[in-house]
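# Tertiary structure, described
The residues making up each chain are set out below.
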Amino acid sequence: MRPSLPRTPVQLFLVFGDLKGALTSPELCLRQRSNCYSTTCAVRSPRSAMSAQKTTDYTSWTTTDLIARVGDLERQLRQQNVQILARSTSPKRRRIRSQRANVFDATKYSTRHIALKIAYLGQKYNGYEHANNNITPLPTIEEVLWKALRKARLISPTSDEGTEVVWSYAERSRRPLNINWDGCQYSKGGRTDKGVSAFGQVIGIRVRSNRPMIQRPRAASTRVEIDDETVNSDLVASSELPAIGVDDLGHDVKPSFDPIKDELPYISILNSLLPSDIRVLAWCPEPPDDFDARFSCGERQYKYFFTNPAFLPTPGPIGLKDASGRETDLREGWLDVDAMRTAAKKLIGLHDFRNFCRVDASKQLTTFERRITHVEVEEVKQQSGPVAFFEQQQLAKHTHPTHPKSGALPTSGPKVYSFTVHGSAFLWHQVRHMVAVLFLVGQRLESPSLVDELLDIENNRSRPTYDMASDAPLVLWDCIFPIDKAQSHDDGLEWIYAGDARNLEGLTTKGDGKFGLGGIVDEVWSNWRKHKIDETLASVLLDLVVDQGDQSAFQRGGFRDPETRTYRSQKLFDGSETARMAGKYVPVMEKPKMETIDIQNARYRTGKGSRQDTRRAQELNNDD
């Protein structure tokens, strides 16, 4: 309940002084404002009262005037208390800074056109080339590379796509990935298929450079009219993205800039962002002005790796008989490498390889001539492996008593070979078809003359329906860019590899980029060691399993009663881990043949091709 107002002149005088003091310093009266009208107010301010006495003499005021004055002061005090309470209880406003996204401005940097040499193991990828609006179960090499280049801000094409690689097929199937290389001057030397690896893939690309921006001398500024707006001419020029080519590396640049030592460490930057099975090996700082990784490539080199024996040899006497029961001097599973070499040499030269490829009618190709400059079937030198059970007589390559090499036993288990082929260009799946034919020759299912028959287009214009070899052992070994394609097959590009001395000054890490933490050799070593341990464990287990038991299985050749087997299914080797059971073998030239190239092209033009042309015409009309 509110206390009653004082009535005596003395009380009025004291309260009046308190009110005046409270108005001067209102915070003093807040905590006991309910008692501020009593003569014993805890916050009575004598100083304020004395100030009031000095300014105005209230002793001559009547009681009525004093009461009126006290009421007036009381109203003022109430208003001040309300304002103070409002300020003390309201939350403090924080000054929130507007955090704008740190947008990368590519126009502030110069660019340069370079070439990159890339290696990758292709088993985890859906091939090299990415096709927009096409959902693939696995990422492509091109997709992963594009995202790494964007993440490093080395290229800046307009795109809403993220920079993280999506590996899950469930996430990939939600929407197709669209990538673009606008403004990147991008080209690629080869287009490897799904599962195929490359140790010398080359791309050309325009990337961000450390090169200082070109400082043009300032002339008298002029006014230019653009879209009814007047702007400064030198501002117009500076808005262009400066580019760097071979000719201007030594011009319009500060003399202190070295185009190699002062440049961004492209190899280290990209290898820090790429998966461990994709590595940038080298970069070329000065490719020719008209360089295109596809059309400037004068030679592409491929290697296809395989083992001999190609698959687990059939033990016992039955292994020295073919599928029809006839005796042979080569145990089933082993390859006749000499026969393969004879057949491979027939591929050299300019030939029509339509019977050694897969036809893509959408491209409407009419010529299939390609030049092969070099072929070789050679052993890959390596340390002896732990597989030792091949020293047993029952699995030896030759065990027929009349064979001159019947006593020769392998001393280091299976050997690894490679089929090497060089050519200016290759057709779709050409190498894998050539290898498939060589494997048939190596198994002695076909004669080396089969190559001559398939190259005879006059008499064989349609390809027999034989299967091509597996994709996993194939490697795009290198891409060669000769200065003069007609005179030389030597590479004319100047490659700077990881760890080269000229690369060191541009590095921002403690390592040299080749050895040490994050070095390319350490990364490749880790990958190799993982697979080497897997190989060793599998080899030791294989030896263990073969040596167990009474060894009588060696005489039966995988059958419970081999004596009653007059016929068995033919095993075919296609480069895979195991042989394929093919039933009764049909020679290649006796297999059904595909339609001729002319018929396939015509069928596409009147079918799917015609529908695509109609759709494109409708889209153009809609745009108009």
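Everything below is about the structure printed above this text.
Everything quoted here is computed from the prediction, not taken from an experiment.

### Re empty space enclosed by the protein
Here the structure, examined in full by the defined rule, presents six cavities of 30 Å³ or more. In this structure, the largest cavity encloses a volume near 60 Å³. Around the largest cavity, the lining residues are R354, N355, C357, V359, R461, S462, R463, M594, E595, I597 and Q600. For the lining of the largest cavity, the residue count by class is four nonpolar, three polar and four charged.

### Structural notes on the pattern of salt bridges
Per the counting criterion, the structure on display carries 26 salt bridges. One salt bridge connects D72 with R75, and the closest N-O pair in it is separated by 3.4 Å. Within this pair, D72 and its partner R75 are both found in helix α3 (residues 63-89), separated by three residues, close to a single helical turn. With relative accessibility at 45%, the residue R75 sits in the partly exposed group. In this structure, K124 engages D277 in a salt bridge whose closest nitrogen and oxygen atoms are separated by 3.4 Å. Taken as a pair, K124 in the loop between β1 (111-120) and α4 (141-151) and D277 in the loop between α7 (266-271) and β7 (278-284) lie far apart in primary sequence, 153 residues in all.

### With respect to helix α8 (residues 337-345)
Taken as a whole, α8 has its buried residues at V337, A339, M340, A343 and A344. What you see down the axis of α8 is that its buried residues fit within an arc of 155°, all on one side. Lining the buried residues of α8 we find β8 (299-308), β10 (369-379), β11 (415-423), α9 (430-442) and α10 (449-455).

### What to know about the layout of surface pockets
Estimates place the volume of the second largest pocket at around 1,300 Å³. Forming the walls of the second largest pocket are 45 residues, and the residues nearest its centre are R191, K363, F426, L427 and W428. Mapped by element, the contributors of at least two residues to the lining of the second largest pocket are β2 (187-188), β8 and α9. If one sorts the elements of the lining of the second largest pocket by residue count, α9 sits on top with three residues. Of the residues that constitute the lining of the second largest pocket, the class distribution is 17 nonpolar, 14 polar and 14 charged.

Cut-offs used in this document
Residues numbered from 1 in each chain as written. Predicted model: local features only at pLDDT ≥ 70, side-chain atom pairs only at ≥ 80, totals over all residues. Heavy atoms only, no water. 1 Å grid on protein atoms, 1.4 Å probe; cavity = no way out; pocket = protein on both sides within 12 Å on 5 of 7 lines; lining within 4 Å. Points joined across faces, edges and corners; volume = space filled by probe spheres on them. Nonpolar A, V, L, I, M, F, W, Y, C, P; charged D, E, K, R; others polar. Salt bridge = Lys/Arg side-chain N within 4 Å of Asp/Glu carboxyl O. Helix = DSSP H or I, 4+ residues; strand = E, 2+ residues; numbered from the N terminus. Buried < 20%, exposed > 50% of the residue type's maximum accessible area, 1.4 Å probe, protein only. Arc of directions from axis to C-beta. Contact = heavy atoms within 4.5 Å.

Any functional reading would require information beyond the geometric quantities listed.
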